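One-letter residues, chain by chain:
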Amino acid sequence: MKNWRTTVCGLALAVVAAVQNYNGANTWQGWLGVILIAALGALAKDFNSAA
């Protein structure tokens, strides 16, 4: 896992968004946003990544 920093940050932000969505409106749009945040975090490259 070369880009572990962005993956961890993306998953942490997705957890925060999931908690907010669950405690708030709890809509499918909110859950779609959680999925997109997690996917972007997993697919993004680290800034100073050598590879």
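Whatever comes next refers back to the structure up there.
These lines cover the structure that appears in this document, whether it is placed above or below. These numbers come from a predicted model, not from an experiment.

### As for unusual backbone geometry
Within the chain, Asn26 stands out as a residue other than glycine whose phi angle is a positive 55 degrees. Among the structural elements, Asn26 can be located in the loop between helix H1 (4-23) and helix H2 (28-43).

### Focus on a nonpolar patch on the surface
Taken together, Trp28, Leu32 and Leu36 make up a surface patch of nonpolar side chains, about 360 Å² in accessible area. Relative to the assigned elements, Trp28 resides in helix H2. When its relative accessible area of 62% is taken as the criterion, Trp28 is described as exposed.

### Some thoughts on the environment of Thr6
Mapped onto the secondary structure, Thr6 falls in helix H1. As for Thr6 and Gly41, which are separated by 35 residues in sequence, their C-alpha atoms are 5.3 Å apart. Setting aside residues no more than four positions away along its own chain, Thr6 makes contact with Gly41, Ala44, Lys45 and Asp46. For Thr6, the side chain forms a polar contact with the main-chain oxygen of Ala44, separated by 3.0 Å.

### Re the environment of Gln20
For Gln20, the position within the fold is in helix H1. Using a relative accessible area of 57% as the deciding quantity, one classes Gln20 as exposed.

### A look at the side chain of Asp46
Relative to the helices and strands, Asp46 resides in the segment after H2. Only 3.5 Å separates the side chain of Asp46 from the side chain of Arg5, close enough to count as a polar contact. Within the structure, Asp46 has its side chain in polar contact with the backbone nitrogen of Thr6 (distance 3.1 Å).

Conventions adopted
- Residues numbered from 1 in each chain as written.
- Predicted model: local features only at pLDDT ≥ 70, side-chain atom pairs only at ≥ 80, totals over all residues.
- Heavy atoms only, no water.
- Helix = DSSP H or I, 4+ residues; strand = E, 2+ residues; numbered from the N terminus.
- Patch = residues over 30% accessible without salt bridge, like charges linked within 9 Å, V, L, I, M, F, W, Y side chains within 5 Å.
- Areas by Shrake-Rupley, 256 points an atom, 1.4 Å probe, with all protein chains shown as cover.
- Salt bridge = Lys/Arg side-chain N within 4 Å of Asp/Glu carboxyl O.
- Buried < 20%, exposed > 50% of the residue type's maximum accessible area, 1.4 Å probe, protein only.
- Contact = heavy atoms within 4.5 Å.
- Polar contact = N/O pair within 3.5 Å; in protein donor to acceptor, adjacent residues only side chain to side chain.

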